[in-house]
Amino acid sequence: MLAEFTIIIPIYNEEDNLLRLEKEMNQFLNISIKKTEILLIDDGSKDKSLSLIKDICLRNESFHYISFDKNYGLSAAIKAGFDTVNSKLVGYIDADLQTSPEDFNKLLALSNDYDLVTGVRANRKDSFVKNMSSKIANSIRRSFTNDGMDDTGCPLKVIHIEKAKKIPMFKGLHRFLPAMILLQNGTVKQVAVQHFPRIAGQSKFNLWNRLLGPLMDCFAFVWMKKKYINYNIHEKA
């Protein structure tokens with residue numbers, strides 16, 4: 001049976017998290033409400049991540065991987081996943097497991113009614129500075145996009161693949177996934193999900209790329225929105 005749902009997991013220098021990731025994703029595969037497979041995306045890691053990824057894929061037939069020749073960033077990894085996946089639905093989660101794979105079932109339960117279902121991190125277990133910078137960044141983004149989303153930084157999403165494949169590649173796209181679905185006249189829904197402290201590895205984000213980076217990306221989004229063409233194919237043979 002072909003997978004109905006593929007979870008893409010961008011990975012950059014996460015060697016200390018990968019065995020735990022393998023265990024938790026396998027646990028989710030056993031309870032997923034849809035036939036699921038995993039796509040690990042190595043974003044040019046400089047540690048032992050790629051070697052561990054290859055071992056994981058050899059041990060588990062539902063795991064696959066692609067790897068970049070160098071580090072391109074989170075947006076590129078997500079877009080590469082969208083371009084590679086062929087299942088009807090595609091999901092996204094971070095390798096640090098600050099969100100739980102089991103919450104994908106909450107999102108999948110709504111996937112027949114919405115083109116994108118995204119998590120909202122409840123009772124966030126991050127530092128005060130990280131939480132406040134995220135709130136400010138989300139407020140800035142909403143003022144530019146009017147997407148109505150409270151937490152686009154939450155790394156737990158389910159998207160219909162035909163919508164995901166139409167999202168153009170640009171730096172910072174991971175912050176604008178709901179907005180890009182709305183540009184396609186799609187429907188979006190947010191759902192509260194669990195959140196946990198990071199217990200291994202290091203965050204790839206700092207005050208600069210949580211606040212000033214997103215602000216610059218918002219101007220790029222406004223320009224792109226004016227130029228965006230939303231097309232529908234009428235017939236084909």
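Quick summary incoming for the structure in this document. All figures in this text were calculated on a predicted structure; none of them were measured in a lab.

### Considerations on the packing of helix H1 (residues 18–31) against helix H2 (residues 49–59)
One can describe the packing of H1 onto H2 by two numbers: an axis separation of 10 Å at closest approach and a directional angle of 25°. As far as their axial angle goes, H2 and H1 are roughly parallel. Of the two elements, H1 crosses H2, and the hand of that crossing is right-handed. Facing H1, whose interface residues are Leu 18, Leu 19 and Glu 22, H2 presents Ser 49, Leu 52, Ile 53, Ile 56 and Arg 59. Classifying every residue of the contact of H1 with H2 gives 5 nonpolar, 1 polar and 2 charged.

### Regarding the packing of aromatic side chains
Under the defined criterion, the tally for this structure stands at 3 aromatic pairs. Ring geometry for Phe 5 against Phe 104: centres 5.4 Å apart, planes inclined by 70°, an arrangement best described as edge-to-face. A residue pair is termed long-range when its members are at least 10 positions apart, and Phe 5 in strand E1 (residues 5–11) and Phe 104 in helix H4 (residues 104–108) qualify at 99 residues. We note that Phe 5, like Phe 104, is buried. Each residue in the set Phe 5, Phe 28 and Phe 104 is aromatic and connected to the rest through ring pairs, giving one cluster.

### Considering the pairing of E1
For E1, a buried count of 7 out of 7 residues is recorded, marking the element as mostly surrounded by other parts of the structure. With 7 bridges connecting them, E1 and strand E2 (residues 36–42) associate as parallel partners. Within the sheet, the bridge partner assigned to Ile 11 lies in E2 and is Asp 42. As paired elements, E1 and strand E4 (residues 89–93) share 4 bridges and run parallel to each other. Opposite Phe 5, over in E4, you have Leu 89 as the bridge partner.

Criteria and thresholds
Residues numbered from 1 in each chain as written. Predicted model: local features only at pLDDT ≥ 70, side-chain atom pairs only at ≥ 80, totals over all residues. Heavy atoms only, no water. Axes fitted to C-alpha atoms, helices over the stretch in contact; angles between N-to-C directions. Helix = DSSP H or I, 4+ residues; strand = E, 2+ residues; numbered from the N terminus. Parallel < 35°, antiparallel > 145°, perpendicular 65-115°, else oblique. Left-handed = near helix turned anticlockwise from the far one by under 90°. Contact = heavy atoms within 4.5 Å. Nonpolar A, V, L, I, M, F, W, Y, C, P; charged D, E, K, R; others polar. Phe/Tyr/Trp six-rings, centres within 6.5 Å; stacked < 30°, edge-to-face > 60°. Buried < 20%, exposed > 50% of the residue type's maximum accessible area, 1.4 Å probe, protein only. Pairing = 2+ DSSP bridges.

None of the figures reported here should be taken as evidence of function without further support.
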